Amino acid sequence: MIRVVIADDEAPAREKLERWLVEQPDVDVVGVVEDGLSAAQCIEQLRPDVAFLDIQMPMLSGLQVVGQLELSSAPLIVFVTAFDEHAVKAFDLNAVDYLLKPYDQDRFARTLQRVRERLHGHESGATAVAIGRARAPSCERLLVPDRERLQLIDAASIEWLEADDNYVHVHTPARSYLLRRTLQDLLSQLGEQRFVRIHKSTAVNINSIESLTPLFKGDYEIHLNNGRILRLSRRYREALFVRMGQ
Amino acid sequence: MNVLSHPLSAGVHTDYGATFPPKTLVTFWALWAAFWLLMIGVSIEDQLRDPLTRWWEPVLSEGSSALVSTGWMWLAVRVRERYAPYLDKPLIWFASYLHWLPLVFITWITVVYSIRHGVYAAVGRIYEHPTWGFVVVYESFKLTIFTGLWLGILFGIDSYGQWQLQRHRLLQTQKALAQAQLAQLQGQLRPHFLFNALNTVSALMHTDVARADRLVATLGDLLRISLRSSENEMTPLAEELRTLELYAGIMHERFRDRVTLSWQTDQTLLDIPVPALLLQPLLENVFKHGVEPTVTRVRITISVRRESGSLEIVVSNSGSMLAPEHHDGMGFRNCRERLSIIYGDAASLRVRNEDDGVAARVSIPLTGIIQ
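Here the structure is a predicted model, which means the values were calculated and not measured. Along each chain, residues carry numbers from 1 onward, in the same order as the chain's sequence is written. Lettering of chains starts at A and numbering of ligands starts at 1, both following the order in which they are written. The model is predicted, so local features are restricted to residues of pLDDT at least 70 and side-chain atom pairs to those at 80 or more, both for listing and for counting; the totals for chains, interfaces and linings are taken over all residues. The side-chain quantities take in all heavy atoms of the structure and omit both hydrogens and water.

Further remarks concern the overall build of chain B. Secondary structure follows DSSP: runs of H or I at least 4 residues long count as helices, runs of E at least 2 residues long count as strands, and numbering of each begins at the N terminus. Counting its regular elements, chain B contains 11 helices and 7 strands. For chain B, buried positions account for 44% of its 371 residues. Whether two residues are in contact is decided by their heavy atoms: any pair within 4.5 Å suffices. In chain B, the share of contacts with a sequence separation of at least 24, taken over all contacts with a separation of at least 6, comes to 75%. Taken as a whole, chain B presents about 19900 Å² of accessible surface, with 62% of it coming from carbon and sulfur. Under the scheme applied here, a residue whose accessible area is under 20% of the maximum for its type counts as buried, over 50% as exposed, and between as partly exposed, the area being computed with a 1.4 Å probe on protein chains only. Accessible surface is estimated by sampling points in the Shrake-Rupley manner with a 1.4 Å probe; for residues, cover comes only from the protein chains shown.

Structure follows, in structure tokens:
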């Protein structure tokens, strides 16, 4: 069975899509939500095979939702939109699936058929995630788990990131969050404007660095504004100096 | 369908050459110089036939006249900005200039004849001319004709300049109006709105044919009104509210359980003429900024009432506030522009936080539309 999540803020649009999907013998609609944040949460928790996302939604747009997903585990994405010239251009170029509203049963069936083929070929939503990250400035806000829910935090408030196997600790002044992501993937989402790697398993927000103290053998200690001391390894030294010199 | 047309198709032309044109003044002075050169030339030729007259005598005679006349003409040209408002009333314009004539007579005759007498005395001769009484009458008569002629030319040049300027301003105003109207149309029935409305119809078709049918009719009515209104500046308030209802009806179908709409209308005001399609951008803004970004239920209120000599229309929504760095969007700007074109300062649009939401307040004077 193909497990599907639907997100659209307009009830008639949602109902139409749900009705047509439920009619399919090989489709199981596991979640229907009305806004971007719920969509992200739903995808995170239910791990569907496919997500049908409206682009204009409250809280997070469809593109922003996708930009927040982990590259390797993202479901296939089908954007369902009324009119977004730019987005549609991106879709055409990268062959991401989309449905333009209003759509008829033929077009719906064609899109679904392509989804089946992609799933059969074990494709993921990586292309969509890449587009989402490029198109929606997802580097400004980060979706983090907060007990049972997801919440958005300001990327500027993150002081440093600490890898821990397949998880990353995201440290903010208020508290730390644990994300099931790789450091590499998270850094590629947050962009290189603000964060710089200082160790195999740590990255730091450039703005939270207070001072550097040289150690032996070319290593340094990084003192953060909050008093914490981190180790800068030689391997990442040059890159950091270049960034701080700018 | 001009609903989706491009701004270039509005048929607005740009005008060139707006300010009081200096080019025409160059023409004027060239004409002046040519005139005097001709006068000097003719008088030289005339007098050279007389063997007793030296070549410089006609040059002195016409040259002294040219010098003083040019001085006065220079003054006349300098004050023409001040007299420009009277170009529409030629009598006042000419009178403003001509009432200086007596002073022109006295100074002109005194200076011109002094120069002539001076130069003749310098070469040891006497400048001979008829009696002073005759000179004054003769020269005054000549000056009057001469002044009238050249003022006529100046009047022609300045009138033309002013006409050009006014035409330019008129075109600018028309252009601004056309752009506002076009932006209005585009703002109100953006493709996004149309496609989403169509999708709603396509969704309803499968569950509730009657409702889908109604929605199509509503959409048709709205399109018809928006196509017609671009030609028709003012519309009765009742019509404008009807348009608002159509738009609200479609949006309500789309956002079904997320909005409630309430109308409070003073029925005695329904015949008042208001600018067509003025209110729709306000309601559209409510949906765009008040309804679409939130999942909570939003209450929209549209109220129409009489408020101390003005018609006051308020479109308000609950639940959202203006951002502190709020700037007026295109919708508000167009609305303001149209109000000020039609009513001057007498009408206003104010947008601000009120109670638990945002209210856009349009105030239109009930009497005295400034056209």
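We are not done yet, so read on.
On to the sheet that holds strand S15 (residues 229–232) of chain A. The strands that make up a sheet are held in pairs by hydrogen bonds between backbone atoms, and each pair lies either parallel or antiparallel. Residues and elements named next belong to chain A. Only strands that DSSP links by at least two bridges are regarded as paired with each other. In spatial order, the strands read S13-S14-S15; together these 3 strands make up an open sheet with antiparallel pairing. Lying at the two open borders of the sheet, with one neighbouring strand each, are strand S13 (209–214) and S15. Across the sheet, the axes of successive neighbouring strands diverge by a mean angle of 30°, strand direction being ignored. When strand S14 (residues 220–224) meets S15, the two strands line up antiparallel, connected through 4 bridges. When the bridges of S15 are listed, His223 appears paired with Ile229. Here an axis means a line fitted to C-alpha atoms, over the contact stretch when the element is a helix, while the angle between two N-to-C directions is reported on a 0 to 180 degree scale.

Stacked, tilted and edge-to-face pairs are distinguished by plane angle, under 30 degrees for stacked and over 60 for edge-to-face with tilted covering the rest, among Phe, Tyr and Trp rings (Trp via its six-membered ring) whose centres lie within 6.5 Å. Applying the stated criterion across every chain yields a total of 27 aromatic pairs over all chains. Between Tyr113 of chain B and Tyr127 of chain B, the ring centres sit 6.0 Å apart and the planes meet at 45°, which makes this aromatic pair tilted. On the criterion of sequence distance, the pair formed by Tyr113 of chain B in helix H5 (residues 101–122) and Tyr127 of chain B in the loop between H5 and helix H6 (132–188) is long-range, its members being 14 residues apart. Residues Tyr113 of chain B and Tyr127 of chain B agree in their burial class; the two are buried. By way of ring pairs, the aromatic residues Phe28, Trp29, Trp32, Phe35, Trp36, Phe146 and Trp150 of chain B are connected into one cluster. Its end group placed over the ring of Tyr103 of chain A, Lys16 of chain A keeps NZ or CZ at 4.0 Å from the ring centre. Placement of a positive charge over a ring is assigned whenever Lys NZ or Arg CZ falls within 6 Å of the ring centre and within 35 degrees of the normal to the ring plane. In this structure, Arg116 of chain B is placed above the aromatic ring of Tyr113 of chain B, and the distance from its NZ or CZ to the ring centre is 5.1 Å.

Another aspect to go through is a nonpolar patch on the surface. Like charges within 9 Å and nonpolar side chains (Val, Leu, Ile, Met, Phe, Trp, Tyr) within 5 Å are joined into patches, using only residues over 30% in relative accessible area that form no salt bridge. The salt bridge criterion pairs a side-chain nitrogen of Lys or Arg with a carboxyl oxygen of Asp or Glu, the two atoms within 4 Å. On the surface, a nonpolar cluster with roughly 320 Å² of combined accessible area is contributed by Tyr86, Leu91 and Ile92 of chain B. Overall, Leu91 of chain B belongs to the exposed group, its relative accessible area being 75%.

Here we come to the sheet that holds strand S3 (residues 50–54) of chain A. All names here are of chain A. With parallel pairing, the 5 strands of this open sheet are ordered in space as S2-S1-S3-S4-S5. Both edges of this open sheet fall to strand S2 (27–33) and strand S5 (97–100), since each of them pairs with a single strand only. Neighbour-to-neighbour, the strand axes of this sheet turn through a mean angle of 20°, independent of strand direction. As paired elements, strand S4 (residues 76–81) and S5 share 4 bridges and run parallel to each other. Counterpart to Thr81 in the pairing with S5 is Leu100. Relative to the sheet, helix H1 (residues 11–22) contacts strand S1 (2–7), S2, S3, S4 and S5, its axis offset from that of S2 by approximately 165°. Helix H5 (residues 105–120) contacts S1, S2, S3, S4 and S5 of the sheet and is inclined by roughly 170° relative to S5.

Okay, the interface of chain A and chain B next. On the side of chain B, 20 residues touch chain A, which itself brings 20 residues to the contact. As a working definition, buried area equals the accessible area (1.4 Å probe) given up by two parts on being put together, with both sides summed. Between chain A and chain B, a total of about 1800 Å² is buried, with carbon and sulfur atoms accounting for 55% of that surface. At the boundary of chain A and chain B, one finds 3 salt bridges. Residues Asp9 of chain A and Arg258 of chain B are paired through a salt bridge, measuring 3.3 Å at the closest nitrogen-oxygen approach. N or O atoms within 3.5 Å of each other form a polar contact, as long as, within protein, one can give a hydrogen and the other can take it, and as long as residues adjacent in sequence are counted only when both atoms are side-chain atoms. Remark: the boundary between chain A and chain B carries 4 residue pairs in polar contact (both at pLDDT 80 or more). Partitioning the side of chain A that touches chain B into residue classes produces 11 nonpolar, 1 polar and 8 charged. Note that Gly is not counted as nonpolar here; it falls among the polar residues with everything else outside the nonpolar set of Ala, Val, Leu, Ile, Met, Phe, Trp, Tyr, Cys and Pro and the charged set of Asp, Glu, Lys and Arg.

Residues and elements named next belong to chain B. Counted by the stated rule, this structure contains 31 salt bridges over all chains. Between Arg361 and Glu354 there is a salt bridge, with the nearest N and O atoms lying 2.6 Å from each other. The buried category is assigned to Arg361, whose relative accessible area is 14%. A cluster of three or more residues bridged by salt bridges with shared partners is formed by Arg305, Glu307, Glu312, Arg352, Glu354 and Arg361.

All names here are of chain A. Along helix H2 (residues 36–46), the positions that sit buried rather than exposed are Gly36, Leu37, Ala39, Ala40, Gln41, Cys42 and Ile43. Packed against the buried residues of H2 are S1, S2, S3, helix H3 (62–67), strand S6 (141–146) and strand S7 (149–154). Backbone nitrogen of Leu37 and a side-chain oxygen of the N-cap are separated by 3.1 Å at the start of H2; the cap is Asp35.

In this section: the packing of helix H2 (residues 56–78) of chain B against H5 of chain B. Residues and elements named next belong to chain B. The contact between H2 and H5 brings their axes to 10 Å, and the two run at 150°. For the pair H2 and H5, the crossing hand works out as right-handed. Here Trp56, Glu57, Leu60, Ser61, Ser64, Ser65, Leu67, Val68, Ser69 and Trp72 of H2 lie close against H5, whose contacting residues are Leu103, Val104, Thr107, Trp108, Val111, Val112, Ile115, Arg116, Val119 and Tyr120. Here a crossing is called left-handed whenever its near helix is offset anticlockwise from the far helix by less than a right angle, and right-handed whenever the offset is clockwise.

To continue, consider unusual backbone geometry. Residue and element names in this part refer to chain A. Going from Lys101 to Pro102, the amide bond is cis rather than trans, its omega being -10°. Positive phi, normally seen in glycine, also occurs at Asp165, with a value near 55°. By the secondary structure assignment, Asp165 is in the loop between strand S8 (160–164) and strand S9 (167–171). A residue is classified by how much of its surface remains accessible, and Asp165, at 72% relative accessible area, is exposed.

Residues and elements named next belong to chain A. The buried fraction of S4 amounts to 6 of the 6 residues, a majority that puts the element mostly inside the structure. Side chains Leu76, Val78 and Val80 project from S4 onto one buried face, and the interleaved Ile77, Phe79 and Thr81 project onto a second face that is buried too. Pairing of S3 with S4, which is carried by 5 bridges, proceeds in the parallel orientation. Of the residues in S4, the one forming a bridge with Ala51 is Ile77.

Counted residue by residue, helix H7 (residues 183–190) of chain A has 6 buried out of 8 residues, so it is predominantly covered. Within H7 of chain A, burial applies to Leu183, Asp185, Leu186, Leu187, Gln189 and Leu190 of chain A.

Residue and element names in this part refer to chain B. Values of pLDDT, the confidence the predictor places in each residue, fall between 0 and 100. Taken as a whole, chain B shows an average pLDDT of 83; of its residues, 88% reach a score of 70 or greater. Considering each helix and strand of chain B separately, the mean pLDDT is smallest for helix H11 (residues 330–343), with a value of 79, and largest for strand S4 (residues 298–307), with 94. Here residues 1–19 is modelled with pLDDT under 50, and outside its nearest four sequence neighbours on either side it reaches 28 contacts, counting other chains as well. Predicted complex, confidence summary: ipTM 0.72, pTM 0.63.

To continue, consider the environment of Thr147 of chain B. All names here are of chain B. Structurally, Thr147 is set in helix H6. By relative accessible area, Thr147 is classed as buried at 19%. Residues Thr147 and Leu101, spaced 46 residues apart in sequence, show a C-alpha to C-alpha distance of 8.5 Å. Those residues in contact with Thr147, other than ones at most four positions away along the chain, are Leu98 and Leu101.

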